[in-house]
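Read off the chains here:
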Amino acid sequence: MSDLQTKIGGGLSKLQDGLQQGKSKLQTAQEVSQLKKNASDATTNRTRIISQLGELTYRLIRKGEIQQPELNEQAERLLQYDLELYQANRALESQLRKEPGGDVCECGAAVNEEDTFCGSCGNRVQLSEAPIPVPTVQCPTCKEEIPETALFCGCCGSKNG
């Protein structure tokens, strides 16, 4: 009988040791997971701040407040993409206005003439009227056509005139 008790006691000890090791491994896995999450969050925040820093620097370069040849060269490369993006957004906006019910709320959702409020954001709908032609000039920086009375280019932000 005592031999059976010894074997059962030994088996229980092994079982308890196995459970303890399992708990330890689980705790380690949870700690590693938390550390990975912290590292990922820090990377995301760092990337966001670097992006904001880049945007701020780019604006200062475009305003002429930073004069650094390497940065100015990179800014010139970005200017082409700004122009493409600006023209694509204008064409998209123009296309949306041509479609039936092509008016768009300030939130970007499509609205119809009979709508009083936007179905997406709840704002009061203000339908656009046909634009009145305005005399334009070419921006000296990006060559986009801008209203001649504009103080700054709507595409690149350069001062007009």
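Note that the structure is predicted; figures quoted are calculated from it, not measured. (Residues numbered from 1 in each chain as written. Predicted model: local features only at pLDDT ≥ 70, side-chain atom pairs only at ≥ 80, totals over all residues. Heavy atoms only, no water.)

Peer 1: What is the right way to read the state of the cysteines from this model?
Peer 2: Working definition: the covalent bond between the sulfur atoms of two cysteines is a disulfide. Under the defined criterion, the tally for this structure stands at zero disulfides. With no disulfide partner, Cys153 has as its closest neighbouring cysteine sulfur the one in Cys142, 3.7 Å distant. When its relative accessible area of 5% is taken as the criterion, Cys153 is described as buried. (Disulfide = S-S within 2.5 Å. Buried < 20%, exposed > 50% of the residue type's maximum accessible area, 1.4 Å probe, protein only.)

Peer 1: Mind showing me how you'd approach the nonpolar core here?
Peer 2: Inside soluble globular proteins, nonpolar side chains tend to come together where they are buried. In this structure, Tyr58, Ile61, Ala75, Leu79, Leu83, Cys139, Cys142, Ile146, Cys153, Cys155 and Cys156 together form the largest nonpolar core, which totals eleven residues. Where this core is concerned, the elements lending two or more residues are helix 1 (2-62) and helix 2 (69-98). Considering every element that reaches this core, the biggest residue donor is helix 2, with three residues. If near-sequence neighbours (up to four positions away) are discounted, Cys156 is found in contact with Arg62, Leu79, Cys139, Thr141 and Cys142. By size, the runner-up hydrophobic cluster in this structure holds five residues, among which are Cys105, Ala109, Cys118 and Val125. (Core = buried A, V, L, I, M, F, W, Y, C linked by side-chain atoms within 4.5 Å. Helix = DSSP H or I, 4+ residues; strand = E, 2+ residues; numbered from the N terminus. Contact = heavy atoms within 4.5 Å.)

Peer 1: Is there a simple way to explain the environment of Gln5 in this structure?
Peer 2: Summarising the element assignment, Gln5 is placed in helix 1. Sequence separation between Gln5 and Lys159 is 154 residues; the distance between their C-alpha atoms is 92 Å.

Peer 1: Just checking my understanding: could you explain the environment of Gly154 for this structure?
Peer 2: Inspection of the secondary structure assignment puts Gly154 in the segment after strand 4 (145-147). Residues Gly154 and Glu84, spaced 70 residues apart in sequence, show a C-alpha to C-alpha distance of 13 Å. Beyond its immediate stretch of four places on either side in the chain, Gly154 contacts Tyr86 and Ile146.

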